[in-house]
Amino acid sequence: QVQLVESGGGLVQDGGSLRLSCVASGRTLGIYHMGWFRQAPGKEREFVARISWSGVTTTYAESVKGRFTISRDNAKNTVYLQMNNLKPEDTAVYSCAARVFPGASSRSGDFGSWGPGTQVTVSS
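A short tour of the structure in this document, coming up. (Residues numbered from 1 in each chain as written. Predicted model: local features only at pLDDT ≥ 70, side-chain atom pairs only at ≥ 80, totals over all residues. Heavy atoms only, no water.)

**Notes on the state of the cysteines**
Part 1: Here the structure, examined in full by the defined rule, presents 1 disulfide.
Part 2: Each sulfur of the disulfide joining Cys22 and Cys96 lies 1.9 Å from the other. As the torsion about the S-S bond is roughly 55°, the Cys22-Cys96 disulfide counts as right-handed. Of this pair, Cys22 sits in strand E3 (residues 18-26) while Cys96 sits in strand E9 (residues 92-99); the two residues are 74 residues apart in sequence, bridging distant segments of the chain.
Part 3: Its relative accessible area of 1% is what places Cys96 among the buried residues. (Disulfide = S-S within 2.5 Å. Helix = DSSP H or I, 4+ residues; strand = E, 2+ residues; numbered from the N terminus. Buried < 20%, exposed > 50% of the residue type's maximum accessible area, 1.4 Å probe, protein only.)

Structural data, given as structure tokens:
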């Protein structure tokens, strides 16, 4: 089992920045990919970004490309999501997830372990 805990959410103004962190514990040696997803009120959960456990491969949703950066620190078992130029439409609960199978995926159903999420609110 992999346990995940996010932090770093909060309230920020339009154009501001936040950095989210996700600490993994438990059977982390079995992780192949880490992802960030978000869910706004009344909307379905959507993919934001993912990174291979090696950190070599990253993928982003078109809506955040150029503004968000996903990275990882293997020594700390931590994945980060640096979010710049935030917009009101980025307001959502952000959750990190771990995929313990090889093969990249952006589908939430392909990630088996999830953190509780952290709220990000961007005011206009």
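**A few points about the packing of aromatic side chains**
By convention here, two paired aromatic rings are described through the distance between centres and the angle between planes.
Part 1: In the structure shown here, the tally under the stated rule is 3 aromatic pairs.
Part 2: Here the aromatic rings of Phe37 and Phe47 are separated by 5.8 Å at their centres, their planes lie at 70°, and the arrangement is edge-to-face. Of this pair, Phe37 sits in strand E4 (residues 33-39) while Phe47 is found in strand E5 (residues 46-52), placing the two residues 10 residues apart along the sequence. Each member of the pair Phe37 and Phe47 is classed as buried.
Part 3: Relative to Trp114, the ring of Phe37 has its centre 5.0 Å away and its plane inclined at 55°; by these criteria the two rings are tilted. Residue Phe37 is found in strand E4, and its partner Trp114 is found in strand E10 (residues 113-114); the two are separated by 77 residues along the sequence. (Phe/Tyr/Trp six-rings, centres within 6.5 Å; stacked < 30°, edge-to-face > 60°.)

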